Amino acid sequence: MSHSKRPHCNSGSSSSSSGGRSFSSMKKAKSQQQSGPFSLEKNGIQPQQSPFNDDDDDESMLIDEDVKAVAPNVLGIECSGNTTGVAANLSRKKATPPQPTKKLVIKFTKDKPKLPTNFEEDTWATLKSAIGAIFLKQPDPCDSEKLYQAVSDLCLHKMGGSLYQRIQKECEAHISTTLQSLVGQSPDLVVFLCLVEKSWQDLCDQMLMIRGIALYLDRTYVKQNPNVRSLWDMGLQLFRKHLFLSPEVEHKTVTGLLRLIERERFGEAIDRTLLNHLLKMFTALGIYTESFEKPFLECTSEFYAAEGVKYMQQSDVPDYLKHVELRLHEEHERCLLYLDASTKKPLVATAERQLLDRHTSAILDKGFTMLMDANRVKDLHRMYGLFLRVNALESLRQALSSYIRGTGQGIIMDEEKDKDLVSCLLEFKASLDTIWELSFSKNEAFSNTIKDAFEHLINLRQNRPAELIAKYLDEKLRAGNKGTSEEELESTLDKVLVLFRFIQGKDVFEAFYKKDLAKRLLLGKSASIDAEKSMISKLKTECGSQFTNKLEGMFKDIELSKEINESFRQSSQARTKLPTGIEMSVHVLTTGYWPTYPPMDVRLPHELNVYQDIFKEFYLSKYSGRRLMWQNSLGHCVLKAEFPKGKKELAVSLFQTVALMLFNDTQKLTFQDIKESTGIEDKELRRTLQSLACGKVRVLQKLPKGREVEDNDLFCFNEEFSAPLYRIKVNAIQMKETVEENTSTTERVFQDRQYQVDAAIVRIMKTRKVLSHTLLITELFQQLKFPIKPADLKKRIESLIDREYLERDKNNPQIYNYLA
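Residues numbered from 1 in each chain as written. Predicted model: local features only at pLDDT ≥ 70, side-chain atom pairs only at ≥ 80, totals over all residues. Heavy atoms only, no water.

### Digging into the overall build of the chain
Counting its regular elements, the chain contains 30 helices and 13 strands. Within the chain, the proportion of its 820 residues that are buried is 41%. Accessible surface for the chain amounts to roughly 46700 Å². Of this, 50% is attributable to carbon and sulfur atoms. (Helix = DSSP H or I, 4+ residues; strand = E, 2+ residues; numbered from the N terminus. Buried < 20%, exposed > 50% of the residue type's maximum accessible area, 1.4 Å probe, protein only. Areas by Shrake-Rupley, 256 points an atom, 1.4 Å probe, with all protein chains shown as cover.)

### Things to note about the sheet that holds strand β10 (residues 727-729)
Ordered in space as β5-β6-β10, the three strands form an open sheet in which the pairing is mixed. Single-partner strands in this sheet number two, and they are β5 (636-643) and β10. Shown here is a sheet whose adjacent strand axes are inclined to one another by a mean of 25°, direction ignored. Sheet analysis places β5 next to strand β6 (residues 646-653), joined by eight bridges and oriented antiparallel. By the bridge assignment for β6, K640 is matched with E649. Taken strand by strand, helix α25 (residues 654-661) contacts β5 and β6, and its axis lies near 135° from that of β6. (Pairing = 2+ DSSP bridges. Axes fitted to C-alpha atoms, helices over the stretch in contact; angles between N-to-C directions. Contact = heavy atoms within 4.5 Å.)

### Here we look at the sheet that holds strand β7 (residues 668-670)
With antiparallel pairing, the three strands of this open sheet are ordered in space as β7-β9-β8. The strands lining the two open edges of the sheet, one partner per strand, are β7 and β8 (700-703). For this sheet, the mean inter-axis angle between neighbouring strands, taken without regard to orientation, is 25°. Relative to strand β9 (residues 714-717), β7 runs antiparallel, the two sharing three bridges. Within β9, the residue paired with L669 across the bridge is F715. Strands in contact with helix α26 (residues 671-678) are β7 and β9; relative to β7, the strand with the most contacts, it is inclined by about 85°.

### Overview of the packing of helix α5 (residues 189-213) against helix α8 (residues 247-265)
Where α5 meets α8, the closest approach of the two axes is 9 Å, and the angle between their N-to-C directions is 125°. In terms of orientation, α5 lies oblique with respect to α8. Here the hand of the crossing between α5 and α8 comes out left-handed. Along the contact surface, α5 presents L189, V190, F192, L193 and V196, while α8 presents V249, K252, T253, G256, L257, R259, L260 and R263. (Parallel < 35°, antiparallel > 145°, perpendicular 65-115°, else oblique. Left-handed = near helix turned anticlockwise from the far one by under 90°.)

### Brief notes about the packing of helix α2 (residues 119-136) against helix α3 (residues 144-156)
A pair of packed helices is characterised by two quantities: the angle between their axes and the separation of those axes. At a closest axis distance of 10 Å, the pairing of α2 and α3 adopts a crossing angle of 140°. Classified by the angle their axes make, α2 and α3 are oblique. Read as a crossing pair, α2 and α3 show a hand that is left-handed. Contact residues: F119, E120, T123, T126, L127 and A130 in α2; L147, A150, V151, D153 and L154 in α3. Class assignment for the residues of the contact of α2 with α3 results in seven nonpolar, two polar and two charged. (Nonpolar A, V, L, I, M, F, W, Y, C, P; charged D, E, K, R; others polar.)

### Observations concerning the confidence of the model for the chain
Residues with a pLDDT of 70 or more make up 85% of the chain, whose mean pLDDT is 82. Scored below 50 in pLDDT, residues 1-94 makes 96 contacts in the model with residues more than four places away or belonging to other chains. (pLDDT = per-residue confidence, 0-100.)

### A word on the pattern of salt bridges
Using the criterion set out here, one finds 44 salt bridges in the structure. Note that R382 and D379 form a salt bridge whose closest N and O atoms lie 2.8 Å from each other. Placement of the pair is R382 and D379 together in helix α14 (residues 377-389), with a separation of three residues, close to one helical turn. Linked by salt bridges that have partners in common, E264, R265, R272, E331 and R334 make up one network. (Salt bridge = Lys/Arg side-chain N within 4 Å of Asp/Glu carboxyl O.)

### A few points about a negative patch on the surface
Residues E486, E487, E488 and D530 make up a contiguous surface patch of negative charge. Top element by residues in the negative patch is helix α19 (residues 486-502). It accounts for three residues. Checked against the element boundaries, E487 lands in helix α19. On the basis of relative accessibility, which here comes to 61%, the residue E487 falls in the exposed class. (Patch = residues over 30% accessible without salt bridge, like charges linked within 9 Å, V, L, I, M, F, W, Y side chains within 5 Å. Lys, Arg positive; Asp, Glu negative; His and termini not counted. Charge placed at Lys NZ, Arg CZ, Asp CG, Glu CD.)

### Details of unusual backbone geometry
A negative phi angle characterises most non-glycine residues, just as the trans form characterises most peptide bonds. With omega at -5°, the peptide bond leading from L703 into P704 counts as cis. One non-glycine residue, K158, lies in positive phi territory at about 60°. Within the secondary structure, K158 is located in the loop between α3 and α4 (160-182). A positive phi angle is found at K769, which is not glycine, with a value near 70°. Structurally, the position occupied by K769 is in the loop between α28 (739-768) and β11 (770-772).

### Some points on helix α13 (residues 360-373)
Between its first and last C-alpha, α13 extends 19 Å over 14 residues, near the 20 Å set by a 1.5 Å rise per residue. If you look at α13, its biggest bend is around 45°, right at G367. Buried residues of α13: T360, I363, L364, G367, F368, L371 and M372, and no others. On its buried face, α13 is in contact with α10 (288-314), α11 (317-337), α14, α15 (393-412) and α16 (421-438). (Expected span 1.5 Å × (residues − 1). Bend = angle between axes of the 7 residues up to and from the residue.)

### Brief notes about the nonpolar core
With 83 residues, the main nonpolar core has F368, M383, L396, I404, F509 and Y513 as its most contacted residues. No other element matches the nine residues that helix α20 (residues 506-522) contributes to this core. Beyond its immediate sequence surroundings of up to four residues, I404 is in contact with Q409, F428, L432, I450, A453, F454 and L457. Core analysis: the next-biggest nonpolar cluster, separate from the first, contains 63 residues, F135, Y164, V196 and L339 among them. (Core = buried A, V, L, I, M, F, W, Y, C linked by side-chain atoms within 4.5 Å.)

Here it is in structure tokens:
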């Protein structure tokens, strides 16, 4: 690189010139560094002045020397080597000749520098003045950087411990004065708390400022000494110390905080920010738990203990539960707004204990039944949630069980309301299920309680509920139950099946259900064959195929009868021998499947007798070895009647048909005349005539008028009869259950039970050979699926002894032996 002006350095000269331009010496600072007792000597050149001018911006200069550093004034650097004179090369184009290796020698020529005599005291005086200004909230003439440097200097010279002690002393004096100034201050608690909060905030700000100045002390001396607190912690410790030394201030502060919270609980608006700051002060000082939380929880317990008693006396249960829920929400919110998080659990537990735990029994006694009766789902859900918080669900569950048993017993044991028993139970169960789902959160224990209570209820009257459930199903499955869709009917069947599960005497249900199903099928009164089969399928799933075997057999007989009737109509006997104007359909039933009906004699009209004989001839020719028995009580007919006011079709029973056809030949007949002509049993004839002359459809007239049929009553054809419909149903009498029918069904059940009991006794004794009376009774209760009294079991045991299946032990009559 070439320059138009190229300066030259000449040996032994202190300045040089070229083209009228001179180069000034280096900056003063650097020239002063060169003026120590040692000088830089190189190849005989002693540079006392620098050839560089810092102000020359136009020239690019490069010094190519081996020694470029300027030695500090405490060291001397001596360079020795080849003495060949070499001028500084100021041109980059000029090649630099190789330099010889140089040797550096460092020599200490001075002692270490010493601190000024009053360095620590003077420095502390500056810092003390600054700390005093901070505490007095006055400006300090010394800036923070110099103060920070002063602390650093003291720490570097091992004076950190002394400095820490002096700062601590200053802080303690100020804090003591501040807290003492609060003694005897305003009696107004809010004003006093504001003064405490102001003192605390001031201290925090002041300690942060002092820590900022003495940060180097915190980072060195404090860290090097584990037992020494940081400046911030030191300030907190001093505040805590002098707060304890001023018990009036501490007590007044805590009392003020408790009074403010109490006012808030009474509904007054308070300064929550003030509470928040003061409680954070207690937390920061590490005295929150001991100084505030303990008395706070004691006050809370006293407050809610008094309030709980007062509100329980004045309020009803729903309002009390709402109040408790509100209070617990308030305490939770209080923890979020100004209390320490650690207080939440004991605080809420205290409130729950005083407002809930102490009063669970009173709450249940006073309001549970009312809430259940009124179906107060939301209030019950609130009760469940609150009781869950205090682990009192067991008490609630027991109350539910007692309620179900008490209320249900009123439904079950009221014999006057037997007609509505099942619908009431279904309604009761539905309401309980709704409450269980919406109020008790589908708790499984509560579901089991409902089931156990219902099972207890259903079996209070042993056999009667089973009978009534069967009759309820009969009512729902009958034709004429209009206004109900298939979905609604299916839903009803499912609900009834729930009650059926609770029945212990399912054999009673089976007997009555089978009897009613037989009538529905034989009289054509079933609402839906699909619904009938659906119900049997449900029962089969519930109880097994053995339970529904006979019921399914009844459907098979009905279907088979349709095929037999179709074959009969197409047979030669039917085409050639049947009287004209009559159509007849016969149900051929298997005796084992159907209920047992007592035979009832009746003198049939000639046309019907002919029809029966022709059908019997056809059937026996097709199925040899079988016997036909006619069940007249279940027959039904459709008669065409001509009244003066119009023609009608009458759907009547076979007995009603026989009685009405007598009036084809005469206008009037006495009761005795009808009885002799028909041959119908006395009681059944009275029912029949009562249905024709005293019911809603009065085809006959009875003289004298009245509800009961007497021996001397006279019956005549009702020429004034009229009805809006063409076909009129009069045969509902067959669907009605007689007392004898009911008794017969019940007796058959008991008879079957006796066989089952006998079989169970023999089965047990055959296995055990020898067994005491008590153990035998216990095992029988476990095996039998229906309720039975111990007295009845004893009778069956005696019966088996008489029949020599068992014998009593000779030495102990309470022990039975099995006779193989």
